[in-house]
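Single-letter residue listing:
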Amino acid sequence: THDQVEAMAMGDRIVVMSDAVVQQVGTPHEVYYDPRNLFVARFIGSPGMNLIEGTYSDGVLHLPGDNRYTVPEAWRAVLATQLSGDEVVLGFRPEAAHANGVGDLKAEVYTSDLHGAFNMMHVALEPDNVEAMVHIRGDRGHGHDIGDNIRFELEPEMVRFFDPHNEQALVLEVTS
């Protein structure tokens, strides 16, 4: 099927293709949470994965709007060895971000949509920069008004990183 929602709901394994080239094969869970490249990260999900360009140095990712994200310890060696420079793309799904008033990341609410069971906030890390817009899925009872400044944090196990030059996901090496 060409319908990603149908594929995710019904498939045991799915194939994501672009221009007749296989981009990733895996379970719906694997494709959603561990996209192999930026195409899959953008394509799967509604909205797709949040993808923010930044620069990495000394364990910290510098993001738009003077935001700084402390990279989880498990990813630091990966970024140091797998990146082809200091530029990196941070990826996270809307449900991996939590607007809690005390998180390290800050943004301004652009709009907020009630989806019944949850509220989807569209927030700008940097005003007037559409590339710095992210989506945060929140509790339906805790909406924010347009223009509100919020702080949020990311679930460390839910973040992903991509090399912007080759558009491939960086791979976290699992140790037992």
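Structure shown above.
Residue numbers here run from 1 along each chain, matching the order of that chain's written sequence. Note on the predicted model: pLDDT of at least 70 is required for a residue's local features to be given, and 80 or more for side-chain atom pairs to be given and counted; whole-chain, interface and lining totals, by contrast, use all residues. Excluding hydrogens and water, the side-chain values take into account all heavy atoms of the structure.

Quick notes on helix α4 (residues 73–82)
Our working rule: Buried, partly exposed and exposed residues are distinguished by accessible area as a fraction of the type maximum, computed with a 1.4 Å probe on protein chains only: under 20%, between the cut-offs, and over 50%, respectively. Every helix listed is a DSSP run of H or I at least four residues long, and every strand listed is a run of E at least two residues long, numbered separately from the N terminus. The arc in question is the one traced by the directions running from the helix axis out to the C-beta atoms. Pairs of residues are marked as contacts when any of their non-hydrogen atoms sit within 4.5 Å.
Of all the positions in α4, only W75, V78 and L79 are classed as buried. Angularly, the buried residues of α4 cover 100 degrees about the axis, an arc narrow enough to put them on a single face. Exposed positions of α4 whose direction lies more than 90 degrees from the buried face are E73, A77, A80 and T81. For α4, the secondary structure elements touched by its buried residues are β3 (50–57) and β12 (160–162).

Here's the deal with the side chain of Q24
Basically, it comes down to this: Definition of a polar contact: a pair of N or O atoms within 3.5 Å, with one able to donate and the other able to accept a hydrogen when the atoms are protein atoms, and with sequence-neighbouring residues admitted only if both atoms are side-chain atoms.
Examined against the element boundaries, Q24 turns out to sit in strand β2 (residues 21–26). Within polar-contact distance, the side chain of Q24 engages the backbone nitrogen of R36 at 2.7 Å. Look past the residues within four positions of Q24 in its chain and what remains in contact with it is I14, V15, V16, E30, V31, D34, P35, R36 and V40.

A word on the sheet that holds strand β6 (residues 87–92)
Defined as follows: At least two DSSP bridges between two strands are required for those strands to pair. In this analysis an axis means a line fitted to C-alpha atoms, helices contributing only their contacting stretch, and an angle means the value between N-to-C directions, from 0 to 180 degrees.
Across the sheet, which stays open at both edges, the five strands sit in the order β5-β4-β3-β6-β12 with antiparallel pairing between neighbours. For this open sheet the edge positions go to β5 (67–70) and β12, each flanked by a neighbour on one side alone. With strand direction ignored, the average angle separating the axes of adjacent strands in the sheet is 40 degrees. Here β6 pairs with β12 via three bridges, running antiparallel. Across the sheet, L90 pairs through a bridge with F161, a residue of β12.

Just geometry here; none of it tells us what the structure is for.
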